[in-house]
Every structure is written in structure tokens, then in C-alpha cells.
Amino acid sequence: MSKIEEIALAVQGGKAKIIEGLVTEALNEGIDPIKILNEGMISAMGIVGEKFQKSEIFVPEMLVAARAMKKGMAVLQPKLADKENVSLGKCIIGTVHGDLHDIGKNLVALMIESTGFEIIDLGVDVAVDKFIEAIKEHPDVKLVALSCLLTTTMPALQETATAIKGSGLKGFKLMVGGAPITQEFADQIGVEGYSPDAASAAQLAKRLCA
Ligand code: B1M
């Protein structure tokens, strides 16, 4: 079995104790960190999601898989982050209210940070007011990024975007993303940017704020 397959199985099985060692071994073997992330960890979470949909596993299993993924990501993080120290400004990021998913958001934050933004991470289940307060606290913010993983929290995303747009606060761009979000939805709610994954989110962030 390849190291990538071992990592994928460890994530699927929620083997948080061994994942750090496996990722370290993979890095030492010279495997590209992006490959470890995409083929080892993100694809494993896809399988976890499919099994959940088929009721082959339940929320606790999803949770332990998520914990294992986070542990693995912590090892990968320094390898993914670009060491260039150019500041493109501040980016406020959070998962919208009602939504507790943060792995994708964390990955997007990491990739945006790696292009040179300073990240202000508000976490998950972020109330509309909390986004607005954070923007007021950081009037020099260049980008506000909203993550949403559930079809049931898409209205919360729309509500948050509309409130931010309607607040009269200016000087920043608004971008959205997450599994159920599409370019069409982003256009419909009137935000400046949408991207489907973490790598393109970082490119978009840079483009929007250039
Ligand atoms: Co949840 N969950 N979950 N879950 N969960 C999904 C999302 C689901 C698709 C599983 C399924 O049914 N197949 C499903 C949603 C269905 C839907 O809405 N259509 C689902 C459900 C139903 C639920 C609950 C309702 C289950 C329940 O309680 N009955 C519940 C809801 C809780 C809540 O939020 N209120 C729930 C709970 C959980 C856990 C807490 C157990 C756990 C989350 C732990 C955590 O995040 N700390 C969890 C997990 C782990 C998943 C799956 C398996 C994996 C999510 C993940 O981390 N993926 C997920 C199935 C799946 O995604 N295949 C599922 C890996 C991550 C790297 O990808 O998050 O998509 P992703 O992020 C990507 C892109 O979306 C994008 O870039 C990222 C990286 O490339 N992206 C952005 C994300 N944010 C972006 C922002 C951007 C741009 C791009 O710009 C700002």
C-alpha cells in the first residue's frame, strides 16, 4: 500500500494518533504536500461523506475523521504556507451561522494566508453581527470570506452577505465558497467572488485585492 493510501485510510478511520507520523513520513519521502492533501486527505473526507450519505457511518465517525484530518493538516501547514512576507492586507474569514464545518474554511484561510494576507479567523457558526463588528474593528480589511458547507445554511450565507453589503461599510471585497455554493448563487447574492476550492480561493483573493 502506498503512503498516500495509508494516509487516506487513517483519515477515513479517524486514526488521529498515527496520522501525524504518516504525514511526516510521506513528507520525508519527498511526496508533494499538495498531493498528500488532495489525494490523501481531501479525497478521504469525500469517501467519509459518501458513507455518511449511505448511512454506512454516522456523525461520530465523521467527527473522528475530521479530527484526524486536522491533525494531518497541522503537519502539512508549514509546508503549504509560502514563506514570502508580502502583506496584501487583512482578510476576515468565518463559517456562517448555523454551520459548524471548519476544515475547508481552515484550508482556505491557510492558502489565502500563504499568498500574503493577514488572516482574522472568526471561527464557525459566526453570527451576522460578529462579521460586521469585526469589519468595524478592522477598517483596513481588504477581504471578507464566507464559508458555507450545508445547503440548509445557504440562506445564512445570503443573509450575512446582504447584511454586510447593506451595512454601508466599504473598502473590502466579499467572497464566498463551500461545497453547496456555485458561481450562480454567488452572482445571485451579489458578492464579488466565488471559488470552488482552497487553491483557487487564494488566487481569487489576490486577484480581487490587487
Ligand atoms: Co457534515 N455534512 N454535517 N460534518 N460533513 C457534509 C458537509 C455532508 C455533505 C455529508 C453528506 O451528507 N454527504 C452533509 C451536507 C449535506 C448538504 O447540506 N447538502 C453534512 C451534514 C448533513 C451534516 C450534519 C447536518 C449531520 C447531522 O448532524 N445529521 C451536521 C451539521 C452540523 C452543523 O454544521 N450545524 C454535520 C456535522 C459534521 C461534523 C461536525 C461531524 C463534521 C465537521 C467537523 C469539522 O469541520 N470540524 C462533518 C464532516 C467532517 C463532514 C464531511 C464528511 C467532510 C467535510 C470536510 O471537512 N471536507 C462532509 C462531506 C464532504 O464534504 N464530502 C459533510 C473536506 C474539506 C477540505 O472540504 O469543507 O468542502 P470542504 O471545503 C472545500 C471547498 O468546499 C472549498 O474549499 C475547501 C478546500 O478545497 N471551500 C471554500 C470551503 N469554504 C470555502 C470558502 C471559500 C472558497 C472555497 O471562500 C470564502
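All of these numbers come straight from a predicted model, not from anything done at the bench.

When only protein atoms are considered, the cobalt atom of the ligand has one donor, H101 (NE2), at a distance of 2.2 Å. As for its placement among the helices and strands, H101 is situated in the loop between strand 1 (89-95) and helix 5 (103-114).

Attention now goes to unusual backbone geometry. Positive phi is not limited to glycine here, since S55 has a value of about 60°. Despite not being glycine, D125 shows a phi value in the positive range, around 50°. A residue is classified by how much of its surface remains accessible, and D125, at 41% relative accessible area, is partly exposed.

Attention now goes to the nonpolar core. Counting 40 residues, the largest nonpolar core has I36 and M175 as its most contacted members. Elements represented by at least two residues in this core include exactly helix 1 (3-12), helix 2 (16-28), helix 3 (33-53), helix 4 (59-80), strand 1, helix 5, strand 3 (141-147) and helix 9 (198-209). Sort the elements by how many residues they give to this core and helix 5 lands first, with seven residues. A domain-level breakdown of this core finds at least three residues from each of domain 1 (3-80) and domain 2 (89-208). Residues contacting I36, with those up to four places away along its chain left out, are I4, I7, V23, A26, L27, I31, M41 and L76. Residues V96, L122, V126 and L174 belong to the second largest nonpolar core, which totals 28 residues.

The parallel open sheet is built from five strands, whose spatial order is 2-1-3-4-5. For this open sheet the edge positions go to strand 2 (117-121) and strand 5 (193-194), each flanked by a neighbour on one side alone. The sheet contact formed by strand 4 (residues 173-177) and strand 5 spans two bridges and is parallel. The residue bridging V176 from the neighbouring strand is Y194, located in strand 5. Running over the sheet, helix 5 touches strand 1, strand 2, strand 3 and strand 4 and is turned about 155° from strand 2. Running at roughly 160° to strand 3, helix 7 (residues 154-166) makes contact with strand 3 and strand 4 of the sheet.

Rules used throughout
Counting restarts for each chain: residues are numbered from 1 in the order of the written sequence. The predicted nature of this model means local features are confined to residues of pLDDT at least 70 and side-chain atom pairs, given and counted, to a pLDDT of 80 or more, with totals for whole chains, interfaces and linings taken over all residues. Heavy atoms throughout the structure, all of them, feed into the side-chain values; hydrogens and water do not. A donor here means any N, O or S atom no more than 2.8 Å from the metal (3.2 Å for Na, K and Ca); water is not included, so a site may seem to lack partners. For helices the rule is a DSSP run of H or I covering at least 4 residues; for strands it is a run of E covering at least 2, with both sets numbered from the N terminus onward. Only protein chains enter the accessibility calculation, which uses a 1.4 Å probe. A residue is then buried if its area is under 20% of the maximum for its type, exposed if over 50%, and partly exposed in between. Working definition of a nonpolar core: buried Ala, Val, Leu, Ile, Met, Phe, Trp, Tyr and Cys residues. They are joined through side-chain atoms within 4.5 Å. For the domain bounds, the source is a domain assignment made automatically or taken from a database. Throughout, a contact is declared for two residues whenever any of their heavy atoms are within 4.5 Å. Think of it this way: DSSP has to see at least two bridges between two strands before they count as a pair. In this analysis an axis means a line fitted to C-alpha atoms, helices contributing only their contacting stretch, and an angle means the value between N-to-C directions, from 0 to 180 degrees.

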